[in-house]
Amino acid sequence: LNLSGNTPKTPKVLNVLALLLGPRFSTDVVIVETSDHARLSLKLSYNWFFDIDKKNQEQAALLFSVPDFIGDFCKAIASRVRGSVASQSFDHFHKYSADLIRKAVFGADEAGNIRNRFHFKSNNLIITNIDIQSVEPVDQRTRDALQKSVQLAIEITTKSQEATARHEAERREQEAKGRLERQKIDDEAEAEKARKNLLSLQAASAAVESTGTASAEAKARAEAAKIEGESNVTNAKLKAEAQSTKASVQLKILQNEQQTEISHKKAWNTLEIKKADELAGIEASKFKSIVDAIGAETLKKISQAGPEMQAKLLSGLGLKSFMITDGNHPINLFSTAAGLIGSNLSQ
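### Some details on the sheet that holds strand E4 (residues 39–50)
Part 1 of the argument: Taking strand neighbours across the sheet as the criterion, the four strands line up as E3-E4-E6-E5 in an open arrangement whose pairing is antiparallel. A single partner strand is all that each edge strand has here, and the edge strands are strand E3 (24–33) and strand E5 (118–120). Within this sheet the neighbouring strands show an average axis-to-axis angle of 35 degrees, counted without direction.
Part 2 of the argument: Pairing geometry for E4 and strand E6 (residues 125–137), over 11 bridges, is antiparallel. The residue bridging tryptophan 48 from the neighbouring strand is isoleucine 127, located in E6.
Part 3 of the argument: Strands in contact with helix H2 (residues 69–86) are E3, E4, E5 and E6; relative to E3, the strand with the most contacts, it is inclined by about 35 degrees.
Part 4 of the argument: Sitting on the sheet, helix H3 (residues 90–106) is in contact with E4, E5 and E6, with an inclination near 165 degrees to E6.

### Focus on H3
Part 1 of the argument: Roughly 90 degrees is the biggest bend found in H3, and it falls at tyrosine 96.
Part 2 of the argument: Turning to H3, its buried residues are Phe90, Phe93, Ser97, Leu100, Ile101, Ala104, Val105 and Phe106.
Part 3 of the argument: Following H3 by one or two positions, glycine 107 adopts a phi angle in the positive range, close to 80 degrees.

### Considering unusual backbone geometry
Part 1 of the argument: Here threonine 7 and proline 8 are connected by a cis peptide whose omega angle stands at 0 degrees.
Part 2 of the argument: Tracing the sequence through the fold places proline 8 in the loop between strand E1 (2–5) and strand E2 (10–15).
Part 3 of the argument: Phi at asparagine 6 is positive, roughly 65 degrees, even though this residue is not glycine.
Part 4 of the argument: Note that asparagine 6 resides in the loop between E1 and E2.
Part 5 of the argument: Judged by its relative accessible area of 52%, asparagine 6 falls in the exposed class.
Part 6 of the argument: Phi angles above zero are rare outside glycine, and histidine 37 is one such case at about 65 degrees.

### As for the pattern of salt bridges
Part 1 of the argument: Applying the stated criterion across every chain, the model contains seven salt bridges.
Part 2 of the argument: Notably, a salt bridge pairs arginine 171 with glutamate 168, separated by 2.0 Å at the nearest N-O pair. Taken together, the residues arginine 171 and glutamate 168, both in helix H4 (residues 140–304) and three residues apart, mark about one turn of the helix.
Part 3 of the argument: The exposure class assigned to arginine 171 is partly exposed, which follows from its relative accessible area of 32%.
Part 4 of the argument: Overall, the relative accessible area of 24% leaves glutamate 168 in the partly exposed class.
Part 5 of the argument: A salt bridge links glutamate 192 to arginine 195, with the nearest nitrogen and oxygen atoms 2.2 Å apart. Here arginine 195 and glutamate 192 lie together in helix H4, a separation of three residues that amounts to about one turn.
Part 6 of the argument: Among the ionic contacts, a cluster of salt bridges with common partners joins Glu168, Arg171, Arg172, Glu175 and Arg179.

Criteria and cut-off values
- Residues numbered from 1 in each chain as written.
- Predicted model: local features only at pLDDT ≥ 70, side-chain atom pairs only at ≥ 80, totals over all residues.
- Heavy atoms only, no water.
- Pairing = 2+ DSSP bridges.
- Helix = DSSP H or I, 4+ residues; strand = E, 2+ residues; numbered from the N terminus.
- Axes fitted to C-alpha atoms, helices over the stretch in contact; angles between N-to-C directions.
- Contact = heavy atoms within 4.5 Å.
- Bend = angle between axes of the 7 residues up to and from the residue.
- Buried < 20%, exposed > 50% of the residue type's maximum accessible area, 1.4 Å probe, protein only.
- Salt bridge = Lys/Arg side-chain N within 4 Å of Asp/Glu carboxyl O.

Structural data, given as structure tokens:
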């Protein structure tokens, strides 16, 4: 392959047997002219590589479709740079040369952002970066004008920096004065705040001091009243407990007395019943003894004898009256008693 070489690029300088796929770089010199007829020499360096699939034979064949690809992409880039610089003034290009050249070569998207690559579809060559190594005027007049412009720019920059430094110093001085005044105001405000707090504390202390005695007396009276109330409640509880105990003891004594009286009555009644039973037994035994002593025949004769004989027999037996009956002929004791009472009255 016969490729362009040297700087600026000259055709058929390099004879190569192997084509390097990159990444590599190439340097070229481009002569441009601004809109105000200032001719400049730009030394540019390009980074490039071939974007192909090594296994794809069709893409590999495209590598050799352009015999002198270095001269071809250098001419293409130089054409774009010349067209972009021709529409710019020298001062504008001198300020924004890097952005103008990159935008001229790579282009911009819809948002205005500069792209980062330039693709040659004929052989899949990719330009990834452009380095502007130098910008020099071609003729002497332009070089003198540029030097004068540079010196003027340096002088303007120096004066601007001095003015900026002076302005910055004044600004810092004003800021320092402002901070000092602000700090003074803040200190006065803090002092006033501290004075206010001191007055508040003094007022509170005076209030506490003036109300301390009254508060202590009120608390003492309240405590005394509380103690007296608790004492009265305790005395009332003790009295209630004493009354309850006394009532319980009296009730117990009364219950014991009643129980003793009941037991006494019960024993007395038992004794009376026993006495009555024994007397009844004695009378029955006496009567039976009398009846047994008289005998059945004697009683028969008494019942058959006249009243005088009955009276004698009864008096002999020590009996005042005697009545014999059976269950088939009951005797009305009421009428008999009435008859006896009537006969006594008649006598």
